[in-house]
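Residue-level structural notes
Residues per chain are reported as follows:
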Amino acid sequence: VLLLSGVGLSAYLLVNALEQRDRAHLLGQGYQMAVPFMPALSQERRASILAVSNPAPENSVALARARQDMDGLLTQFKGISSQVADAMPPGAKASIGKFVTKIPQLTATRQAVDAGHISRFDVYRAYNGVADSMIAAAGAIGKDSSGKEVALDRTMAADLMRASDWLDRANALAAGALSGGG
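The text that follows walks through the structure, step by step, so that each part is easy to find. (Residues numbered from 1 in each chain as written. Predicted model: local features only at pLDDT ≥ 70, side-chain atom pairs only at ≥ 80, totals over all residues. Heavy atoms only, no water.)

A few words on the overall build of the chain. Scanning the chain for helices and strands turns up six helices and zero strands. Ordering the α and β elements of the chain from the N terminus gives α-α-α-α-α-α. A compact globule built from 182 residues should have a C-alpha radius of gyration of about 16 Å, whereas the chain, at 20 Å, is more than 25% larger. The C-alpha extent of the chain, read off along each of the three principal axes, is 80 × 25 × 25 Å. For the chain, the share of sequence-separated contacts (at least 6 apart) that also reach a separation of at least 24 residues comes to 78%. (Helix = DSSP H or I, 4+ residues; strand = E, 2+ residues; numbered from the N terminus. Rg over C-alpha atoms; globule rule 2.2 N^0.38 Å. Contact = heavy atoms within 4.5 Å.)

Time to look at the nonpolar core. Residues Phe37, Leu41 and Phe99 are the most contacted members of the largest nonpolar core, which totals 41 residues. Of all the secondary-structure elements, those providing two or more residues to this core are helix 1 (2-53), helix 2 (57-86), helix 3 (90-102), helix 4 (105-115), helix 5 (120-144) and helix 6 (148-179). Excluding anything up to four places from it in sequence, Phe99 contacts Phe37, Phe77, Val130, Ser133, Met134 and Ala137. (Core = buried A, V, L, I, M, F, W, Y, C linked by side-chain atoms within 4.5 Å. Buried < 20%, exposed > 50% of the residue type's maximum accessible area, 1.4 Å probe, protein only.)

This next bit is on the environment of Pro104. With respect to the helices, strands and loops of the structure, Pro104 is situated in the loop between helix 3 and helix 4. Residue Pro104 is classed as exposed on the basis of its relative accessible area of 52%. For the pair Pro104 and Val130, spaced 26 residues apart in sequence, the C-alpha separation works out to 9.7 Å.

The next subject is the pattern of salt bridges. Side-chain pairing between opposite charges can occur once the charged atoms of the two side chains come close. Scanning the entire structure with this criterion turns up eight salt bridges. In this structure, the salt-bridge partner of Arg110 is Glu44, at a minimum N-O distance of 2.7 Å. With Arg110 in helix 4 and Glu44 in helix 1, this residue pair connects regions lying 66 residues apart in the sequence. Two residues, Arg67 and Asp114, come together in a salt bridge whose shortest N-O distance is 2.9 Å. Of this pair, Arg67 sits in helix 2 while Asp114 sits in helix 4, and the two are 47 residues apart along the sequence. (Salt bridge = Lys/Arg side-chain N within 4 Å of Asp/Glu carboxyl O.)

Function-wise, these values are silent; they only describe arrangement.
See below:
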């Protein structure tokens, strides 16, 4: 009986450890994708504001390049976001879900930019909504990390992403104002 109990407990612990390892791997992949995502989003936000402020050819070329970079990252995120969300508890899953629902809004914003039917401020708000939801998802993942040091590092990373994004927002607004004549 003791031998069977030991085998059963060992099997349970092994399965649990493998699930934790797989979950940690998914979270790591999500964080690795977040690193290039935020700068790419910032570049597209800035290029979109510049294109709305001044539809000069060089601004259109910069916007096309920024969108191309962002599209590659969005494809990667779509492939893994549901897996990461499924591995998370309800609170973090909800944060990731909010981020995922914001992504399609970029298409509408892009179309409005291309048609010239959107203001600089509306472009700014649309991209900020995506950035805010990404940062919230990163923070939620960090809070759910199993190790205290990992949780602290990931929470601090989310705070650093937020501070960096605020600087990028200011840069985009200033560039748009200068390009658009004030």
